[in-house]
Each structure stands twice: as C-alpha cells, then as structure tokens.
Amino acid sequence: MSTARTPLLAINDLHVTVEGKQILNGLTLQVGAGEVHAIMGPNGSGKSTLAHVLAGRPGYEITAGTVSYEGRDLLALAPEERARQGVFLGFQYPVEIPGVNNVYLLKAAVNAVRQQRGLAEVDAFEFLGLVREKMKLMHIEDSFLSRGVNEGFSGGEKKRNEVLQMLVLEPRLAILDETDSGLDIDALKVVAAGVNSLRSPERTCLLVTHYQRLLEYVVPDIVHVLVRGRIARSGDRTLALELERRGYDWVSGQAA
Amino acid sequence: MSTPLTARILEEHANASRALPPAGPTATRQRTAIAALTAGGLPTSRDENWKYANLRPLERLRFAPATPVQPQATDLPAAIPGFARYVFVDGAFAPALSARLDASAATVTPLSASDAGRTAATVPAPAPGAGADERFALLNEAFATDGAAIRVAAHPAEPVRLELVFVASADALSGASYPRVELQLESQAQLLLIERHVSGGPHASFVNSAVTLELGSGATLHHYRLQELAARAIVFDTLSAVVGRDACYRLHGINIGAQSARSTLAVRLTGERADLTLAVVALGEHQQVQDTYARVEHVAPRARTEQVFRGISAGRARVAFNGKIVVGREAHGTDSRQSLRGLLAGPEAEIDVRPQLEIYTDEVRCSHGATAGKLDENMLFYLRSRGLEPEVAQRLLKWAFLEDVVAKIEVAELRRQIEQRLARQVPEPFARGESA
C-alpha cells in the first residue's frame, strides 16, 4: 500500500443527488496505484451511484466535493474522456446493442485510447489474436466474434464480456459494479481469474459488491463499508468476513 | 365521385389516349381503369390508411405521361455484376441503356411491344377491405403505355438475376412517369429482382408506379426495391403480390429519396405454407414524407410472415409505417411477427408506427412489437464509457438500427451501393477501412 505518493484516485467529501434525492453524503476515499479496494454495503447505500459517478453517467448531480484522478479533476471530464484516460466501468447490467458487433466495439474502444496517446490504430490481425487469447481466458465461445454487443447473452455471459473488455482495454482504474452478482460459482471463478490477471502495480481496481464471495477469489487490499452514502468503516479483508457473519445491520447500527 | 381532381384526370386521359390505337387489350384496360378510378376517386387524407401520406401535390400535377428525356448511361447507378438490366425512362423501355437477359428460364417483354405480352389479369381483384388502397394502381393502369412483363419458368439450378431501373426524367409540370411491372413466377421458379427508382436530374418528377406479382407454388423471389429519387420528386407506388403454396417471397424496401413518398404494399398469402419476409427501411430528413402502408393477408393455412420496419426521421420529416396483418378464417396455423421501430433524430421530426392485427381464426401465433423514440440513453452511455465520442456513438447506433434490414441484402454489390447511399443521410461511424 502506498500512501506517500499522490493517490491514483482521491474522492473528497462527495455529495451526489439523483432526482433531488441525496445518495452520496460526504464520501471520502483514497485509492493508491496498484491497490484493490472493495466497496461493500447494503442495498441503497450508494455503491452503484459511486461507480456511475466515477464513470460520468449523466443524471447525477454533484452538489459538493471533489474527485481527482491522476491529480486531475475527474468530474470535469466527459465519460469518453475518462475512458480514454484509463477509467473503465464494468456494468452491473451491461447493455445489449444489436447491430453493433462485439469486436467492432472493442476495436473502436482500443483505438479511442490509442488515438488519445498519439498511437496508430491497432493492426486488425494482431488485435483479433489478442481478443481470441482473452476470450479463451474468459471461457467465451467463438460465436462471440460475430455477434452484436451482449446480444442474446445470458447474465453470466454479459459479465464475462465486461471483464473481457477490461482485459483488452487494460485500464488504469477499473471499477467493477457488482460484476459477481448473478454468477454461479464456476462463472465467478472465471471472472475472478480475469480480474486477477490484470493485477499489477500500475492498475487499480474498485470492486463494488454486495457479498464477500468474490473477495475469496480476488483478495482486496482494503475493504470499505458504505452506509447511507458515506464510508462507515474500512479495514482489511477480515472486515468482509466479519460483515458476512454479523450482517450489515452491525455497521449500519454503528453509523447511525 | 366527381371532384375537380378526377375531372381533370379524366380530361387528361381523354387527351392522352387519342394517341393510342382505339382497339386492343391495352386500350380496353385503360378505359376500364379510368372508369373505376373516376367512380372511386383517388384517396384523400380522410381515408384511414392515407392520413400520413402527402396528397396535396396531386392538385398541381399533370397526369398525362411525360415525353422521356434519355439520360446518359453514366447517370445510372453502377451495374450489379451478374444481373441483366432493363432501363425504363418515364415508364418507357430504353433498349440502348439496357443489357438484356441471357437466360432461357425467363422472358422480359416491354408491355408496349405487343398487347400479347400482357398477362391476362394484371390488376388482381382488390382484396376485401382494400378500398382506397389500390387506386393509385388504377391511375397507373389508366395511363401507363409501357413497362415490363416478366415471366420466369422453373429452373432449379440457378435463380434468374434481373435489375429493373426506372428513371424519372421529366418535371411534374410537363408530365408523369408510370413505371409498371407485371411479374409471374411459375411453379418452382427462382428470381433475384432489383427494382430501383432514380431520377435523371434534379426535377420535381411525379412518379406513380405499379407492380403486380404472382408467385406459383414453390417459387422463390428475393425482391430488392430502392426508392432513391431526387429530393423534389413525388412518388406513389402500389405493389400487389399473390404468394402461392410453399412459395417464398422476400421483399426488402429501402426508401430514401423523394420529397414525398407513399408506398402501398398488399400481399396475399393464398397458398399453404407460403413464406413472406417484408422488410422496409425508410429515412426522412428536411421536410420529407416517407409513408408506407403494408397489408398482408393470410388466406391459406400455415403461412408465415415476418414484417420488419426501421425508420429514421430527422429535421422536420415525417416517417410512417402502418403494418396490417389480416388472418382469415381458413388461415389456421398462421405464424406472423411484426417488429416495427422508429427512431426520432430531431426535436421536430415525426415518426408514426402502427401495427395492426385482425384475426378471424384460432390456433395462430401472432406477435408484434412497435416502438418509436430517441436513441437509447443507456446504449449511448455504454458506448461513451468505452471511449467513443458522443457523435460517433450516435452514428454507430443509427447504423446498428438499420443493420437488421441492410445486413440481409445478400447481393454484395447492391448492399455496398445501399450503404453508400445511406451514409449520405446517416453518416457512417468511422471512415471506411477503419472498422473491423
């Protein structure tokens, strides 16, 4: 854990409302480069709101607070600019986009990042090789290559596709929003293997999850518990186990 | 029904028909048609299935056939490899611009060549309830002096490939263009047919086309229709098809051009297990009107219909699709699906999609879905979260929206031309060669 350096992501006193309703209520969080943080919390605590606000989804009003990413004001950037700067959101409910081919989107996404960095576009042949390699890791069938984005995918396939996109894009900050929900144990292991394969001192990951199950396979450096829009408690991975045993009421009661 | 409009049509018809020989089937049919038209009148916006069509231009049009101005071959769309081409200018066959068919299984006869070239019944008895729907076909019947009579015989090895190009060369003030096709597929015959309507210049032409089709048992027809007339043209077209037992009819309509376009499609599935795919794409921008009315009637049992519409309306355009499926008393085991979707690409644009089902028997499977709205915000955000510029994401979603229909065009060169044409109105997300 690095605390001496400027954190990769620094959220300070963040207040967010959705349609007039206060969801995040003074959230403060610092995440260093190379760290994996888990954000846990009961339903409605603001976990998904945090993930979406970081990715720049429209419809959220930031009423106070700051978010800096690599020392820059993240909130001033459009969603596509954040993506090009290395922020990736793995969706809880990935969208089906019939008519837009999976590989086409992947390639467009990779080229958007490369353009930002002043690099030439990827070589189509090499790129396909890379995608196939990552597909194998994520147990994704060949038919994926010719299908529309998430078109007709099962819940588990959609989640694996999110992780596949993450592996191909190699983000600096990956935010996975309940990527484990709705997965059976085999799919969970595949997803976890995908996330673990990306762990490195350069990459940072925020795992938003309701259950500690995923954390058995992707071991976090720090666990935070979100209650009513702010961090109620932080600790090491044993905090997740304790939560599992005692339930969220334990922390909610303390935070009240 | 005597109105100033029908009186004027009658008068113009009397003048125009002086040039024709008074006897013979053509003259007889013209007289029958004009009598029927005068009795019923043209539809008005009060007629249920015409409320989205733009009928106002009729007041200032001339109905007599135009004197064709021959276009240059270079003004025509690029040839499609493997397809014979027949060009008609303002409805009249232009042999110099055509590349005739070299296939024993089919004959194409210009209707003007001889009255004998015409099939016995070119105007099918109007379907019950059709009412005002097919009266523009009567107008065509009354004035058309030429057209294509096509007969295709069974040829199991290879489908016949045929392209019909209808060029509108005149301004509506000087005369009308009457494209006409009478097509008969014999039992087990196979045909790939491209029918395109283009302009020979920037004229405000008046085009009124009529197509009649008859598919014998086991016949297969893939029919690609492109309406890409100039921006000020007015077009009405009426297609009437009868599909026999085990026959398969795939109709792909791409409506892009003209100021105001109305397409009336009437398909009767009269044979058991007849199989119909009716897919239409329509794009409107500026003040264009693109109106399609499709009526599919299941007469025989166990026939199948798939009706797909994708329309994009931008500017102050109106894009409408009214898709009606009637399942008759004998049509048990009918399987019909409708997927009608409209996309609003501007605050002042209009989209009207209307699925209608009338079922007079049990044991049928009929599903329909109709949506009209803006681009999906969730899809847009998903694409932006992957680094795509909002404008690129919007283009990509518009293309994806049309892809359902366009991707099913199996003639590669034609699909390429259509994509190129679509790109003028809906810019492609990426420059060519960049995409996967």
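Remember, predicted model here, so these are calculated numbers, not experimental data. Residue numbers restart at each chain and count upward from 1, following the sequence in its written direction. Lettering of chains starts at A and numbering of ligands starts at 1, both following the order in which they are written. For this predicted model, a pLDDT threshold of at least 70 governs which residues receive local features, and a threshold of 80 or more governs which side-chain atom pairs are given and counted, while totals over whole chains, interfaces and linings are taken from all residues.

**As for the sheet that holds strand E14 (residues 275–284) of chain B**
Residues and elements named next belong to chain B.
Item 1. Across the sheet, 10 strands lie side by side as E2-E1-E5-E8-E10-E12-E14-E16-E18-E20; this open sheet has mixed pairing. A strand with exactly one partner marks an edge of an open sheet, and here the two such strands are strand E2 (92–93) and strand E20 (365–373).
Item 2. One requirement defines pairing of two strands: DSSP has to find at least two bridges between them. Where helices and strands are cited, they refer to DSSP runs of H or I of at least four residues and of E of at least two residues respectively, numbered from the N terminus. Across eight bridges, the pairing between strand E10 (residues 220–228) and strand E12 (residues 248–255) is parallel. Considered in E12, the bridge of Thr-220 is made with Cys-248.
Item 3. What counts as a contact here is a pair of residues whose C-beta atoms, placed from the backbone, lie within 7 Å. Note on geometry: axes are C-alpha line fits, over the in-contact stretch for helices, and angles between N-to-C directions span 0 to 180 degrees. Lying over the sheet, helix H5 (residues 390–406) contacts E12, E14, strand E16 (304–313) and strand E18 (335–344), oriented at roughly 150° with respect to E16.
Item 4. Sitting on the sheet, helix H6 (residues 412–425) touches strand E8 (190–199), E10, E12 and E14, and the angle it makes with E10 is about 30°.

**Details of the sheet that holds strand E5 (residues 72–73) of chain A**
Residue and element names in this part refer to chain A.
Item 1. Spatial strand order, E2-E1-E4-E5: four strands in an open sheet with antiparallel pairing. Every interior strand has two partners, whereas the edge strands, strand E2 (21–31) and E5, have only one.
Item 2. Relative to E2, strand E1 (residues 9–18) runs antiparallel, the two being bridged by eight bridges. Each bridged residue has a counterpart across the sheet, and for Val-18 the counterpart in E2 is Lys-21.
Item 3. Along the sheet face, helix H1 (residues 47–55) touches E1, E2 and strand E4 (61–69) and points at about 70° away from the line of E2.

**Topic: the domain arrangement of chain B**
Residues and elements named next belong to chain B.
Item 1. Domains assigned within chain B are domain 1 (4–271) and domain 2 (376–436).
Item 2. Domain extents, as shown, originate in an automatic or database domain assignment. In this structure, domain 1 and domain 2 have C-alpha centres spaced 32 Å apart.
Item 3. Across the contact, 13 residues belong to domain 1 and 11 residues belong to domain 2.
Item 4. Where the side of domain 1 that touches domain 2 is concerned, the elements lending two or more residues are E8, E10 and E12.
Item 5. Tallying contributions element by element places E10 first for the side of domain 1 that touches domain 2, with four residues.
Item 6. Any residue that is not Ala, Val, Leu, Ile, Met, Phe, Trp, Tyr, Cys, Pro, Asp, Glu, Lys or Arg is counted as polar, Gly included; the first ten are nonpolar and the last four charged. Across the side of domain 1 that touches domain 2, the residue classes tally to 10 nonpolar, two polar and one charged.

**A look at the packing of helix H3 (residues 102–116) of chain A against helix H5 (residues 155–169) of chain A**
Residues and elements named next belong to chain A.
Item 1. Between H3 and H5, whose axes approach to 10 Å, the crossing angle comes to 35°. The way H3 lies across H5 gives a crossing that is right-handed. Contacts from Leu-106, Ala-109, Val-110 and Val-113 of H3 reach H5 at Gln-165, Val-168 and Leu-169.
Item 2. Looking at the contact of H3 with H5 residue by residue, the class counts come to six nonpolar, one polar and no charged. Here a crossing is taken to be left-handed if its near helix is turned anticlockwise relative to the far helix by less than a right angle, and right-handed if that turn runs clockwise.

**So, the nonpolar core**
Item 1. Within the largest apolar cluster, 209 residues are counted, with the highest numbers of intra-cluster contacts made by Ile-175 and Leu-207 of chain A together with Val-243 of chain B.
Item 2. If you count residues domain by domain, this core takes at least three from each of domain 1 (4–271) and domain 2 (376–436) of chain B.
Item 3. When near neighbours in sequence (up to four residues on either side) are disregarded, Ile-175 of chain A contacts Ala-51, Leu-54, Ala-55, Phe-88, Leu-89, Gly-90, Leu-206 and Val-208 of chain A. Here, a nonpolar core means buried Ala, Val, Leu, Ile, Met, Phe, Trp, Tyr and Cys residues linked by C-beta atoms lying within 7 Å of one another. Counts of 20 or more other C-beta atoms within 10 Å of a residue's own C-beta define buried residues, counts of 12 or fewer define exposed ones, and intermediate counts define partly exposed ones; C-beta atoms are placed from the backbone.

**Some points on the interface of chain B and chain A**
Item 1. Chain B puts 19 residues into the contact, and the matching count from chain A is 25 residues.
Item 2. Contributing elements (two or more residues each) for the side of chain B that touches chain A: helix H4 (377–384) and H5 of chain B.
Item 3. Broken down by element, the side of chain B that touches chain A gets its largest block of residues, six residues, from H5 of chain B.
Item 4. Classifying every residue of the side of chain B that touches chain A by side-chain character gives nine nonpolar, four polar and six charged.

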